[in-house]
Amino acid sequence: MSMDGAEVLSRTVTQDEAAILEAWLASLREGASLQSGRIREAELQTQAKTVFGQLREALEGGLDADGGSFAPLRETLGEISRSRAIQGFTPTDTANFIFALKEPIFESLRRTAGSDASDLAAGIVAVGKMLDRLGLHTMEVFLASREEVIGRQGQEIAELSTPVVRLWDGILALPLIGTLDSARTGVVMENLLQAIVDEEAEIAIIDITGVPTVDTLVAQHLLKTVAAARLMGADCIVSGIRPQIAQTMVHLGVELNVVSKATLADAFAVALKQTGRKVVRQQAAPTVERR
Amino acid sequence: MTISKTETLPVRSGDDVVRVRQRVRALAIEIGLGLVDQTKIVTAASELARNTLDYGKGGDVRAEIVQAGLRKGLRLTFEDQGPGIADIDQAMTDRFTTGGGMGLGLGGAKRLSSEFHIESTPGTGTRVTIARWK
């Protein structure tokens, strides 16, 4: 009587464990993951042994790779993919870890099934299905971890890119870098208004040198920030409007009803003047010797 | 007039608007537009892409590099299947807005482009085509 796929597979991986494991490791060694030196051989061996042991145990509970008996194996594979995503492995490398197990098991099935063709076929179908499912699982975890990394970086950029800098007593600068969408404007405005209170600032310079495109939405956000700062009792100066942006804004029809200057240095000079200060050179500039 | 390159970009989220801007800038550089013209077409694209997203409930942008004789240009077509615009003249009027913006997007995009064409059917959608020639 012929057996079903789960039984064939379970028998094979139990009987032929050493041979399959060896062939699997050999194929992993050839793969790029070890060659690139990102992972040590000993680590790879430990991972392979753990996964194989858990696979053997999981198979006793059936073939359903999403089922309860596979839970520990999925957990281990998830951890492996997650660490690989962070170490910078390619998706191919990561998926190949599990897919490289296919051939050794096919080989072994052929050896153990002998002449029983239906056993062999049932086994191969079962392995294919199960390993594909597990491979997809590793990919899902891999992508989820990458997305986590990207999401975290996005947050870090949003926080890092909106610093409020104190230039002098009562003079703040807010260098804006990147795209100014509604979410970031919220952060910018909050930071600026809080800094105006903390520093008792009279003047805030908003520098947009690092904003690549100023369209009507950005202009509107800028004007709202300026209006909010005015309500807090601080005057705003917008600096860093590049020539091409000035032309574009004129064509757009946007009017920035604020004091604006071409560079942050000019804006700082205006701010000093408005607060009754002046920068004076104490010594004459050193003359360059000419031959 | 020949079209030497066509790309279609989706406009479904705020991030897509940023991607449209980046792609348009790259294409503008590719056909050799100067810094001012680059900034103009990128800004116009930004306005129209945001309209597609906010008022048209999302759509697509088709970017084409076109050539007429020795002149090269960048043509952008913004298409959505949103509610459409009932009164185009009113929509083109500066300071008119239905969404709380500045009301300068459509008129501004027209002033920033060498060619501007808009057609809209209420209930069916809106298509805006702009071009900037070198």
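Our structure's up above, just so we're on the same page.
Being a predicted model, the structure only gives us computed values, none of them experimental.

Asker: With reference to specific residues and values, describe the packing of helix 1 (residues 5-15) of chain A against helix 7 (residues 102-113) of chain A.
Answerer: Residue and element names in this part refer to chain A. At a minimum axis distance of 10 Å, the contact between helix 1 and helix 7 shows a crossing angle of 100°. For the element pair helix 1 / helix 7, the angle class is roughly perpendicular. Between helix 1, through Val8, Arg11, Thr12 and Gln15, and helix 7, the contact on the second element is made entirely by Ile105, Ser108, Leu109, Thr112 and Ala113.

Asker: For the sheet that holds strand 2 (residues 171-177) of chain A, give the residues involved together with the corresponding values.
Answerer: Picture the strands of a sheet paired through backbone hydrogen bonds; they go either parallel or antiparallel. Residues and elements named next belong to chain A. Taken in spatial order, the five strands line up as 1-2-3-4-5 in an open sheet, and their pairing is mixed. Pairing within the sheet leaves two strands with one partner each, and these edge strands are strand 1 (165-168) and strand 5 (259-261). Averaged over all pairs of adjacent strands, the angle between strand axes in this sheet comes to 30°, irrespective of strand direction. One ladder, built from five bridges, connects strand 3 (residues 203-210) with strand 4 (residues 235-239); its direction is parallel. By the bridge assignment, Asp207 is partnered in strand 4 with Ser239. The sheet contacts of helix 9 (residues 182-199) involve strand 1, strand 2 and strand 3, and relative to strand 2 the element is tilted by about 165°. Sheet strands touched by helix 12 (residues 264-274): strand 1, strand 2, strand 3, strand 4 and strand 5. Its angle to strand 3, the strand with the most contacts, is close to 175°.

Asker: Outline the interface of chain B and chain A, supporting the account with residue identities and numerical values.
Answerer: Contacts between chain B and chain A engage 21 residues on the former and 16 residues on the latter. Contributing elements (two or more residues each) for the side of chain B that touches chain A: helix 1 (14-30), helix 2 (35-54) and helix 4 (105-112) of chain B. The biggest single contributor to the side of chain B that touches chain A is helix 2 of chain B, with nine residues. By residue class, the composition of the side of chain B that touches chain A is seven nonpolar, eight polar and six charged.

Asker: Account for the nonpolar core, naming residues and giving values.
Answerer: Grouped together as the largest cluster of nonpolar side chains are 64 residues, with contacts concentrated most on Ala204(A) and Ile205(A). Looking at this core, the element that brings in the most residues is helix 2 of chain B, giving seven residues. Among all residues touching Ala204(A), those that are not within four sequence positions of it are Leu172(A), Leu174(A), Leu192(A), Ile196(A), Ala229(A), Ala234(A) and Cys236(A). By size, the runner-up hydrophobic cluster in this structure holds 28 residues, among which are Val51(A), Leu55(A), Phe70(A) and Ile98(A).

Asker: Any details on the sheet that holds strand 3 (residues 71-80) of chain B? Residues and values, ideally.
Answerer: Residue and element names in this part refer to chain B. An order of 1-2-3-5-4 is seen for the five strands of this open sheet, with the pairing classed as antiparallel. Among the strands making up the open sheet, the edge pair consists of strand 1 (2-11) and strand 4 (115-121). With strand direction ignored, the average angle separating the axes of adjacent strands in the sheet is 15°. With seven bridges connecting them, strand 4 and strand 5 (residues 125-133) associate as antiparallel partners. When the bridges of strand 5 are listed, His117 appears paired with Thr129. Relative to strand 1, helix 1 is tilted by about 165°, and along the sheet it contacts strand 1, strand 2 (59-68) and strand 3.

What counts, and at which threshold
- Residues numbered from 1 in each chain as written.
- Chains lettered and ligands numbered in written order.
- Predicted model: local features only at pLDDT ≥ 70, side-chain atom pairs only at ≥ 80, totals over all residues.
- Axes fitted to C-alpha atoms, helices over the stretch in contact; angles between N-to-C directions.
- Helix = DSSP H or I, 4+ residues; strand = E, 2+ residues; numbered from the N terminus.
- Parallel < 35°, antiparallel > 145°, perpendicular 65-115°, else oblique.
- Contact = placed C-beta atoms within 7 Å.
- Pairing = 2+ DSSP bridges.
- Nonpolar A, V, L, I, M, F, W, Y, C, P; charged D, E, K, R; others polar.
- Core = buried A, V, L, I, M, F, W, Y, C linked by C-beta atoms within 7 Å.
- Buried ≥ 20, exposed ≤ 12 C-beta atoms within 10 Å, placed from the backbone.

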